[in-house]
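Overview (structure and organization)
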Number of protein chains: 2
Amino acid sequence: MTGRDAIDDVWDQWHRERPEIDTALLDVMSAVGRMNRLRRYIDQTLRTYFARYGLDFSEFDVLATLRRSGGVEGVSAGTLLRSAMVTSGAITNRVDKLTAKGLVERSVSTEDRRSVRVRLTPEGIRLVDDILLGHIENEARFLAVLDDNERAQLNGLLRKLLIAQGDTHLG
Amino acid sequence: MTGRDAIDDVWDQWHRERPEIDTALLDVMSAVGRMNRLRRYIDQTLRTYFARYGLDFSEFDVLATLRRSGGVEGVSAGTLLRSAMVTSGAITNRVDKLTAKGLVERSVSTEDRRSVRVRLTPEGIRLVDDILLGHIENEARFLAVLDDNERAQLNGLLRKLLIAQGDTHLG
DNA sequence: ACTGACTATCTGAACGTTGAGATAAGTAAA
DNA sequence: TTTACTTATCTCAACGTTCAGATAGTCAGT
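It should be emphasised that the depicted structure is a prediction, and the values quoted were computed from it without experimental measurement. Note on numbering: residues in each chain are counted from 1, in written sequence order. As they are written, the chains are lettered A onward and the ligands numbered 1 onward, keeping that order. Reporting of local features is limited, given that this is a predicted model, to residues whose pLDDT is at least 70; pairs of side-chain atoms are given and counted only at 80 or more, and all residues count toward the totals for whole chains, interfaces and linings. Note: side-chain values were computed over all heavy atoms of the structure, leaving out hydrogens and water.

A few words on the pattern of salt bridges. Oppositely charged side chains can form a pair if their charged atoms are brought close together. A pairing counts as a salt bridge when a side-chain nitrogen of Lys or Arg comes within 4 Å of a carboxyl oxygen of Asp or Glu. Applying the stated criterion across every chain yields a total of 40 salt bridges over all chains. The closest approach of N and O atoms between Arg159(A) and Asp8(B), which form a salt bridge, is 2.8 Å. Taken together, the residues span two chains, with Arg159(A) in helix α7 (residues 148-164) and Asp8(B) in helix α1 (residues 6-17). Between Lys97(B) and Glu59(B) there is a salt bridge, and its shortest N-O distance comes to 3.9 Å. Per the convention used, a helix needs a DSSP run of H or I reaching at least four residues, while a strand needs a run of E reaching at least two, with both numbered from the N terminus.

Take a look at the structure:
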């Protein structure tokens, strides 16, 4: 037994107030609640980390997407919004800010003039490469209590959930 | 083998672009990435559900907290902010909106006049009880692909992560 | 009582996202 | 080529959150 967390208390409170609710459903709510709380801890840490570089997570998300999949030609705004799962307005905003900082640049696609290609500038590449490892190690601290096997288990369960949502490929 | 999800592609992309990064670290980044994407799917569904009742998730979060732990006297604003893991400004805003809708009411604490007690109104209680089960079943659809054992595994892993963050009790 | 430190909540500016709608460019069929 | 539809992106108002600072009440020590 590892002990109890805050969500175990929430489970008990619901069970007391609404005892007719199936405990399996309370377990479901607990799982979602735990992901929510975990996300808040992670977000807070990442926020302060990226702030040191004048970025927020949303901007880094774009830089990282371009770094790992942009090649030299960059990717379209549509690819970015599907990868980040945000609306087009959000991507316009992110790219605007990164452009103002000189980290990415926009150009009209040659094949489709509706389409915008976004590409890392040399400074953009330099910045991602500078902060990437620190970012990952930051995240690693949150999973540090899991051993290799448990981490694989977690990834397996989450993968199963994502596939059930049809999340089988990026935009 | 269950197949691959979008994050498996991201893993491959990073491994190709930055092959020197330890694959265990890529697994860490994948786990966090999966939680992020899953949260986006869940958020989108919940948003449209609560919108039908003129609420958003942040408001429901307050109502639910009061319903399961507020008793008849309600709870303090401080309790709400720690439970929701948001800043005091966010709670002020949420309570303002819920008050305007007649779902909660504020009163000054008798023991500590700095403290504000927030309590569900009868309409507030009615609304939570009306929408709670639909909300939980909504969440249950996201975990439906997991069997009882897997769901327990997931809760166990997430609990372990939360406890490591010191998340052992609500405010 | 008085001082200083701390705690609980509110205020307001800055900011990122959503959602609806606008613009403009591709596309398919008549 | 004209019409109708679809796609890619941008615009902008509404909104919720954070962050920093303001208020005001509490508490311990003097």
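Moving on: the protein's contact with DNA strand C. To be near a molecule or strand, a residue needs just one of its heavy atoms within 4 Å of it. Surveying the vicinity of DNA strand C reveals 24 residues, the closest of which are Arg94(A), Lys97(A), Gly78(B), Ser88(B) and Arg114(B). For DNA strand C, the backbone portion of the atoms within 4 Å of the protein, that is sugar and phosphate, comes to 72%. Between N or O atoms, a polar contact is any pair within 3.5 Å; within protein, one atom must be a potential hydrogen donor and the other a potential acceptor, and residues adjacent in sequence are included only when both atoms are from side chains. In the model, a phosphate oxygen of DNA strand C is placed 3.1 Å from a nitrogen or oxygen of the Thr87(A) main chain. Where the surface near DNA strand C is concerned, the elements lending two or more residues are α5 (88-100) of chain A together with α2 (23-51), α4 (77-84) and α5 (88-100) of chain B. Broken down by element, the surface near DNA strand C gets its largest block of residues, five residues, from α5(A). Three categories are distinguished: nonpolar for Ala, Val, Leu, Ile, Met, Phe, Trp, Tyr, Cys and Pro, charged for Asp, Glu, Lys and Arg, and polar for the others, with Gly belonging to the last. When its residues are assigned to classes, the surface near DNA strand C shows four nonpolar, 10 polar and 10 charged.

What follows covers α2(B). Helix length check: α2(B) (29 residues) gives 42 Å between terminal C-alpha atoms against 42 Å at 1.5 Å per residue, within 8%. Capping of α2(B) at its N-terminal end is provided by Asp22(B); its side-chain oxygen lies 3.0 Å from the backbone amide nitrogen of Ala24(B). Expected span of a helix: the number of residues minus one, times 1.5 Å.

Let us look at the sheet that holds strand β2 (residues 104-108) of chain A. Neighbouring strands of a sheet are bound in pairs by backbone hydrogen bonds; such pairs are parallel or else antiparallel. Residues and elements named next belong to chain A. Two strands are said to pair when DSSP picks up at least two bridges between them. If you walk across this open sheet you meet the three strands as β1-β3-β2, and the pairing is antiparallel. What marks the edges here is a single partner per strand, and that holds for β1 (75-76) and β2. Note: β1 against strand β3 (residues 116-120), two bridges, orientation antiparallel. Across the sheet, residue serine 76 finds its bridge partner in β3, namely arginine 117. Across the sheet, α5 lies against β2 and β3, angled at about 120 degrees from β2, the strand it touches most. The contact criterion used is simple: two residues touch if any of their non-hydrogen atoms lie within 4.5 Å. All axes here are fitted lines through C-alpha atoms, helices being fitted over the stretch that makes contact, and every angle between N-to-C directions spans 0 to 180 degrees.

Geometric values such as these leave the question of function open.
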